Amino acid sequence: MLDVLKNQRTYALVGHGGCGKTSVAEMLLYVAGATPKLGKIEDGTTVLDTEPEEIKRRGSVQPGFATFQWNKNRHFLVDTPGDLSFNGDLGYILASVDAVIFVVDAVDGVKPLTKKLWQEVSKFRLPTIFLITKMDRDRADYDMALNGIRNQLGVKPFLQNIPIGKADSFSGVVNIVENKAYAFDTTGKMSEIAVPDDMQDEVDGLRESMMEEIAVCDETLMERYLEDPASVSLDDLVAATRKAVVCAELYPVMVASGLKCMGGQRILQAAQLFFPSPLDVPVGQKMVEAEDGSLHPVSPDAPPACFVFKTLFDQFAGQLSIMRVLTGTVTPEANLLNVRSSAKERFSSMLFMVGKDTQPCKEPVGPGGIIAVAKLKETKTGDTLCEEKHAFAMLKPKLPEPMISYALAPAEKGDEDKVYQAMSKLLDEDVTLRLSRNEETGDMLLSGMGQSHVENAVERAKRRYKANPVLKAPTIPYRETLRGKAEVQGRHKKQTGGRGQFGDCWIRMEGGTRGAGYEFVDAIVGGSIPRQYIPAVDKGVQEAAHRGVLAGFPVVDFKVELFDGSFHTVDSSEMAFKIAGSLAFKAACEKMKMVLLEPIALVSVSIPDEFMGDVIGDLSSRRGKVLGSDSTAGVTEVQAHVPMSEMQEYAKALGSMTGGQGAFTMGFDHYEDAPPPVTEKVVAEYKAKRAKEE
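Enquirer: Is there a simple way to think about the environment of methionine 1 in this case?
Expert: When you line up the elements, methionine 1 lands in the segment before helix H1 (2–6). Overall, the relative accessible area of 40% leaves methionine 1 in the partly exposed class. As a C-alpha pair, methionine 1 and valine 97 span 96 residues in sequence and 19 Å in three-dimensional space. Every residue in contact with methionine 1, bar those within four places of it in the chain, is listed here: Pro300, Thr329, Pro364, Val365 and Gly366.

If you want it as structure tokens, here you go:
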């Protein structure tokens, strides 16, 4: 087992939408012999993009998984979606791999989304190879992409390979470490050739710089290099490079063309040489951190534990739980405890995946392995499965909150339950989708990372479960807050002939600072309210605050101090004091100034320089506050704070303004006081809706 794990590699392909990740993944599978022919997005023949929505969009909407052998060593590959709408669970994937191939487009270079993705990868300090792809395309610019990695991502690139030619003339690479050149053909094969004469001087200079960069990361090698550079062998350089990559101190840069299947062998060789095994760490024993802060050693001999980081639907096998083996060794007959649900889950089998195809896994799988298990009854994405006597829950990365919500309704009356059940099933696959019900209006709300994300979920529900949901206008998540202070009484008294209801409380309520949240202070002295009823007052306030008095939105950022009250020895109850707390909250709201808060998004727009004026003018017309702009290599990036209510149709507007050349990312940033016209409009709509319902 140790020999297998030593040479095992588990890594993800990460990059912005359209940069060529899936084409690279298809090339790697073809070169490794895992697929008989090269899958192409344009032809709809890819192994990893198999959902009808993916073929239609020509882009990934969910991760693709592949297990294959390269030179008799097992590789686990995850191809991640590049669209911000579909990679909200990227943190779970990054927590489940040992390394990353970060793909940058040679034509488009570094985009705003590229920066965002790199920030996410950087949090995990994962060993990374940068791959500049699409080197065969017109306008491919290696230097532009390399400078983007260096200047915009803040990475010091380590030039593992440099290209021979570009666009139609791209034909191979020079490997700086090996001081050798390789020519590619379109069958995935390569052959060693002489370093082109016109590149020799550049290669010599880069090799000298490269040796210095490697030596800096290894003191022993540095001493030998300073004494006699000739004494440093190729094996020394490879070993030192691997150590530096594993420590995330060096970031090799490579080039390829996924579409023409050029460079796949070099990528696989680099992954084998420089990426860590699941047991490798820079210093000491590799550990898994649990939610309670405890640490658990990663070893094939430890008690088994797995982390379920994705759930997929298979038309034949049903629900597939995709999991990484965190530690220990898992067998096809495993019987593990789900720590969250406390349910025992018995594996009927384990599967290795190559796209939508699965292969039975009959041998034990150790740390780092990615396996699929079908039809687990009580297991969801984010769960930890482990041995009962050594149970722990892995500390999960924090996922982003949904960006936008739509009201969801059935196309035909009476189908509400059918729609709800269909959408609920999708939540098991996609943890960034949320399904809720607005208590005030009764609306079913579907929340996701963007318009495309929500629309895609609806399409899947229609196709798989024959439901017919209809999306209505997005619900903007406004909030309400309070200004000033108030001291009020909440009194609930009801006589029914028998045992009555009585609860009486006095509270002081005041508005807090933005983001302060809710605070409840128990200031009762002398037993004016018995201890067992005080939590009921707190709960009554919170439930009342969930549905605000101004426009029905949750009230946030305020403090409540319970300081007095009275009770009845017979008629008082938790329910009576809960109602009293709710009445006190509403009474305080009537005395205080209510303020509507609107959500503000941080918007980053990337456009060609000539469109900057139009884009800034449009953002200003949407009540946006431009924070600044930066131009690099003919591309301007504009950042602005814009109300989310003004961004619902922005994708279409930006495409129209820039002829399809613009791109933007958007994320919730903060809440601000809504201006009077917006408040008046929202409140009027709320009152009109209430009146219609009554």
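Enquirer: Help me understand the pattern of salt bridges in this model?
Expert: Charged atoms that come close allow side chains of opposite charge to pair. Taken as a whole and assessed by the stated rule, the structure comprises 26 salt bridges. For the salt bridge of lysine 123 with glutamate 120, the shortest nitrogen-to-oxygen distance reads 3.3 Å. With lysine 123 and glutamate 120 both in helix H5 (residues 112–123) and three residues apart, the pair spans about one turn of that helix. One salt bridge connects arginine 623 with glutamate 598, and the closest N-O pair in it is separated by 2.7 Å. Taken together, the residues arginine 623 in the loop between helix H15 (612–621) and strand E32 (625–632) and glutamate 598 in strand E31 (residues 593–608) connect sequence positions 25 residues apart. What makes arginine 623 partly exposed here is its relative accessible area of 29%. A relative accessible area of 3% places glutamate 598 in the buried class. Among the charged side chains, a salt-bridge network with shared partners connects Asp98, Lys286 and Arg324.

Enquirer: In this structure, what is going on with the sheet that holds strand E28 (residues 501–511)? I would like to understand it.
Expert: Hydrogen bonds between backbone groups are what pair the strands of a sheet, and the pairing can be parallel or antiparallel. Strand order in the open sheet formed by four strands is E27-E28-E30-E29, with mixed pairing between adjacent strands. Looking at the sheet topology across the chains shown, the edges are occupied by strand E27 (485–494) and strand E29 (518–522). Pairs of neighbouring strands in the sheet enclose a mean axial angle of 25°, with direction left out of account. Judged from the 10 bridges that link them, E27 and E28 form a sheet pairing that is antiparallel. Within E28, the position partnered with alanine 486 by the bridge is methionine 509. Sitting on the sheet, helix H13 (residues 534–545) is in contact with E28, E29 and strand E30 (558–566), with an inclination near 155° to E29.

Criteria and cut-off values
- Residues numbered from 1 in each chain as written.
- Predicted model: local features only at pLDDT ≥ 70, side-chain atom pairs only at ≥ 80, totals over all residues.
- Heavy atoms only, no water.
- Helix = DSSP H or I, 4+ residues; strand = E, 2+ residues; numbered from the N terminus.
- Buried < 20%, exposed > 50% of the residue type's maximum accessible area, 1.4 Å probe, protein only.
- Contact = heavy atoms within 4.5 Å.
- Salt bridge = Lys/Arg side-chain N within 4 Å of Asp/Glu carboxyl O.
- Pairing = 2+ DSSP bridges.
- Axes fitted to C-alpha atoms, helices over the stretch in contact; angles between N-to-C directions.

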